[in-house]
Amino acid sequence: MALIVGNWKMHGLKASLAEVAAVARAVATAELADVWIAPPFTLVAAAVDAAGGAVPIGGQDCHHAAKGAHTGCVSAEQLADAGARFVIVGHSERRADQRESDADVRAKAEAARAAGLQVIVCVGETEAERDAGQAQAVVAGQLAGSLPDAADGLIVAYEPVWAIGTGRTPTPEDVAAMHAHVRAALVDRFGAAGAGVAILYGGSVKPDNAALLLGVPEVGGALVGGASLTAASLLAIVKAA
Ligand code: PEP
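Residues numbered from 1 in each chain as written. Predicted model: local features only at pLDDT ≥ 70, side-chain atom pairs only at ≥ 80, totals over all residues.

Per an unreviewed UniProt entry, the protein chain goes by Triosephosphate isomerase and derives from Polymorphobacter multimanifer. What UniProt states about the protein chain under its Sequence similarities (unreviewed entry) heading is, verbatim, "Belongs to the triosephosphate isomerase family." (UniProt positions renumbered as here; feature names shortened; annotations may be inferred.)

Printed below as a string of structure tokens:
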């Protein structure tokens, strides 16, 4: 079954918990694809309550340490303590805005696993890298440097940076080629366990293109930003899956 993960980024106030509750009601009453939501840290615990167990709630980032003098940061252990079940690491906005390196991302992924969270590791090339014919090499390098040591609890999200929040998407053929490339890298790295790692596509997934993108071979689901902010839009994607 496909997995649809909503990434709310820095959106959402307490009133937005009604959207989580609406998604939870929908998935509890119909046979739908799995749907997870990553609200901002401030809403994680309340979203866990609003979801009532029907929708796993996660974080959008975590620190690599379990605790310590890191003002403003949140650890994987703290996310788990708040009821989170997963965490996204290595999102391109964090790689760019916070200058996170592959080694940083890998340390966060290991911290997530140590805290018992599933971890979604994001990779993806910039437009300049794609135009230069380097997309697969860039993604291979990110996977080599960012993945944790074991495949259990691991999910990979391929998100071309130029498709995030832009309304542009790669062709299904380009998505298929990259997902096959990611799969080969996962099997190379983890053996048989790598064949079972879900690979999500992310970047301008909307209700009207979800069926096309989710129908591409090796696309195990979607990481959705803007279109995950309302239950109506997120559920339209979930129903297309
Ligand atoms: C994202 O934030 O991971 C993302 C894919 O955003 P959007 O769907 O808005 O492009």
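Now that the structure has been shown, the text picks up again.
What follows covers the site of the ligand. In the region of the ligand, 14 residues are neighbours, and Ile 164, Gly 165, Gly 202, Gly 225 and Gly 226 sit closest. Here the residues of the shell around the ligand sort into five nonpolar, seven polar and two charged. (Near = placed C-beta within 6 Å. Nonpolar A, V, L, I, M, F, W, Y, C, P; charged D, E, K, R; others polar.)

We now examine the pairing of strand E8 (residues 221–224). Neither face of E8 is open: one carries Gly 221 and Leu 223, the other Ala 222 and Val 224, and all of them are buried. The sheet contact formed by strand E1 (residues 3–7) and E8 spans four bridges and is parallel. Each bridged residue has a counterpart across the sheet, and for Val 5 the counterpart in E8 is Leu 223. The sheet contact formed by strand E7 (residues 198–202) and E8 spans three bridges and is parallel. Paired with Leu 200 across the strands is Gly 221, a residue of E8. (Buried ≥ 20, exposed ≤ 12 C-beta atoms within 10 Å, placed from the backbone. Helix = DSSP H or I, 4+ residues; strand = E, 2+ residues; numbered from the N terminus. Pairing = 2+ DSSP bridges.)

It is worth spelling out unusual backbone geometry at this point. The backbone phi angle of Lys 9 is positive, close to 50 degrees, even though this residue is not glycine. Note on placement: Lys 9 falls in the loop between E1 and helix H1 (17–29). Although it is not a glycine, Ser 204 adopts a positive phi angle of roughly 60 degrees. Here Ser 204 shows up in the loop between E7 and helix H10 (210–214).

A separate point is the UniProt feature "active site" (unreviewed entry) in the protein chain. When the UniProt feature table is mapped onto this chain numbering, "active site" (unreviewed entry) sits at His 91 and Glu 159. Taken along the chain, the residues just named run across 69 residues; in space they keep tight, none of their C-alpha pairs more than 8.4 Å apart. With respect to the helices, strands and loops of the structure, His 91 is situated in the loop between strand E4 (86–89) and helix H4 (92–97). Sequence-distant contacts of His 91, that is, excluding residues within four places in its chain, are made with Gln 60 and Cys 122. Counting through the fold element by element, Glu 159 comes out in the loop between strand E6 (154–158) and helix H8 (172–190). Given 26 C-beta atoms within 10 Å, Glu 159 falls into the buried group. Here Glu 159 is in contact with Ser 92, Cys 122, Gly 124, Ile 164, Gly 202, Gly 203 and Leu 223, once residues within four sequence places are set aside. (Contact = placed C-beta atoms within 7 Å.)

Let us now look at the sheet that holds strand E2 (residues 34–38). Taken in spatial order, the eight strands of this open sheet run E2-E1-E8-E7-E6-E5-E4-E3, and their pairing is parallel. Looking at strand neighbours, the two that pair on one side only are E2 and strand E3 (58–59), the edges of this open sheet. Pairing of E6 with E7, which is carried by four bridges, proceeds in the parallel orientation. Across the sheet, the residue bridging to Ala 157 is Leu 200, located in E7. Of the strands in this sheet, strand E5 (118–123) and E6 are in contact with helix H7 (residues 135–146), which crosses E5 at around 150 degrees. (Axes fitted to C-alpha atoms, helices over the stretch in contact; angles between N-to-C directions.)

On to the nonpolar core, then. By size, the foremost hydrophobic cluster in this structure holds 73 residues, and its most contacted members are Val 87, Val 119, Ile 120, Val 121, Val 156, Ala 222 and Ile 237. If you tally residues by element for this core, the top one is helix H11 (residues 231–240), at six residues. Not counting residues up to four positions away in its chain, the partners in contact with Ile 120 are Val 5, Phe 86, Ile 88, Ile 155, Ala 157 and Leu 223. (Core = buried A, V, L, I, M, F, W, Y, C linked by C-beta atoms within 7 Å.)

Let us now look at the packing of H1 against H11. Angle between the axes and distance between the axes are the two parameters that describe a pair of packed helices. Look at H1 against H11: their axes get within 9 Å of each other, and the N-to-C directions meet at 30 degrees. By crossing handedness, the relation of H1 to H11 is classed as right-handed. Across the interface between the two elements, Glu 19, Ala 22, Val 23 and Ala 26 of H1 pack against Ala 231, Leu 234 and Leu 235 of H11. Split into classes, the residues belonging to the contact of H1 with H11 amount to six nonpolar, no polar and one charged. (Left-handed = near helix turned anticlockwise from the far one by under 90°.)

Taken from the UniProt record, the annotation "binding site: substrate" (unreviewed entry) applies to Asn 7, Trp 8, Lys 9, Gly 165, Ser 204, Gly 225 and Gly 226. Taken along the chain, the residues just named run across 220 residues; in space they keep tight, none of their C-alpha pairs more than 13.9 Å apart. Inspection of the secondary structure assignment puts Trp 8 in the loop between E1 and H1. For Trp 8, the contacting residues outside a window of four places in its chain are Ala 38, Pro 39, Pro 40, Ser 228 and Leu 229.

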